[in-house]
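In case you want the letters, here they are:
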Amino acid sequence: MAGSIERVTRAAAEAGLDIEVRRMGASTRTADEAAQQCGCSVAQIVKSLIFRGESSGKLYLFLISGTKRLDIDKAASVAGEALSRAEPRQIRDETGFAIGGVSPIGHLVAIPAFADETLLGFDRVWAAAGAHDAVFAAAPAALVDAARAVVAPLTS
Ligand code: 5CA
């Protein structure tokens with residue numbers, strides 16, 4: 001998607017987050033693939049999961065470690081409504097990113113964001129940068145701030 005990596009870079013700069021986007025030249029679509037390319041543990045990969053509010057139709061972003069599963073009840077509790085998986089088309093229209101490259105920052109539309117508290121236990125994490133082979137590293141607290149994410153327990 002044209003301009004999506006630039007959108008991530010700009011959002012980071014606006015948030016005061018110093019990042020270097022790396023194009024790996026191989027797929028980083030899944031947490032396992034991203035970890036392989038980054039040479040880090042799967043746990044240090046940040047998954048940017050998009051769900052849709054069943055009442056409002058609005059999207060929500062949940063940031064969790066690559067080895068964790070989102071607890072849908074905990075996610076619904078912080079969102080304040082029941083959630084279901086978002087359609088790829090709505091994800092693309094509102095984030096500006098295709099699935100596999102959804103970044104925690106730089107969305108086209110403001111999306112309420114939440115981060116699992118276990119992410120803060122790492123020195124450094126890696127997240128998608130808007131394309132299926134693009135990633136950036138950050139300190140988790142700085143990434144959570146840049147994403148304006150509310151920290152909560154989101155995994156089991
Ligand atoms: N680039 C990597 C990590 S840096 C990445 O984006 N991983 S991810 O986990 O955040 O994004 C993949 C996620 O997209 C999957 O975990 C899954 O929850 C979601 N996904 C995959 N296929 C679909 C689909 N058809 N509809 C909605 N969500 C999907």
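The rules we used
Residues numbered from 1 in each chain as written. Predicted model: local features only at pLDDT ≥ 70, side-chain atom pairs only at ≥ 80, totals over all residues. Heavy atoms only, no water. Pairing = 2+ DSSP bridges. Helix = DSSP H or I, 4+ residues; strand = E, 2+ residues; numbered from the N terminus. Contact = heavy atoms within 4.5 Å. Polar contact = N/O pair within 3.5 Å; in protein donor to acceptor, adjacent residues only side chain to side chain. Phe/Tyr/Trp six-rings, centres within 6.5 Å; stacked < 30°, edge-to-face > 60°. Buried < 20%, exposed > 50% of the residue type's maximum accessible area, 1.4 Å probe, protein only. Axes fitted to C-alpha atoms, helices over the stretch in contact; angles between N-to-C directions.

Things to note about the sheet that holds strand β1 (residues 22–23)
Right, so step 1: The 3 strands lie next to each other as β1-β7-β6, forming an open sheet whose pairing is antiparallel. The sheet terminates laterally at β1 and β6 (125–128), the two strands that pair on one side only.
Right, so step 2: Bridge count for β1 against strand β7 (residues 134–138) is 2 bridges, and the pairing is antiparallel. Note that in β7 the partner of R22 across the bridge is V135.

Structural notes on the side chain of H107
Right, so step 1: Mapped onto the elements, H107 comes out in the loop between α4 (88–95) and β5 (113–116).
Right, so step 2: When sequence neighbours within four positions are dropped, the list of residues in contact with H107 reads R7, L61, E94, T95 and F97.

Observations regarding the side chain of Q90
Right, so step 1: If you trace the backbone, Q90 turns up in helix α4.
Right, so step 2: A polar side-chain atom of Q90 sits 3.4 Å from a polar atom in the side chain of R52.
Right, so step 3: Those residues in contact with Q90 that sit more than four places away from it in its chain are R52, G57, L59 and T95.

Remarks on the packing of aromatic side chains
Pairs of aromatic rings are described using the distance from one ring centre to the other and the angle between the two planes.
Right, so step 1: Overall, the coordinates contain 2 aromatic pairs when judged by the stated rule.
Right, so step 2: Relative to F62, the ring of F51 has its centre 6.2 Å away and its plane inclined at 70°; by these criteria the two rings are edge-to-face. With a gap of 11 residues between them, F51 in strand β2 (residues 46–53) and F62 in strand β3 (residues 59–65) connect regions that are remote in the sequence. Summarising the burial analysis for this pair, F51 and F62 share the class buried.
Right, so step 3: Relative to F114, the ring of F62 has its centre 5.7 Å away and its plane inclined at 20°; by these criteria the two rings are stacked. With F62 in strand β3 and F114 in strand β5, the pair connects residues that are 52 residues apart, well separated along the chain.
Right, so step 4: Using a relative accessible area of 9% as the deciding quantity, one classes F114 as buried.
Right, so step 5: Feature note: the residues F51, F62 and F114 constitute an aromatic cluster, connected by ring pairs.

Overview of the sheet that holds β5
Right, so step 1: Spatial ordering of the open sheet is given by β4-β2-β3-β5-β8, a layout of 5 strands whose pairing is mixed. The outermost strands of the open sheet, each flanked by one partner alone, are β4 (83–85) and β8 (149–152). Averaged over all pairs of adjacent strands, the angle between strand axes in this sheet comes to 35°, irrespective of strand direction.
Right, so step 2: This element, helix α3 (residues 72–79), spans β2, β3, β4, β5 and β8 of the sheet and lies at about 120° to β4.

As far as function goes, none of this settles anything; it's purely spatial.
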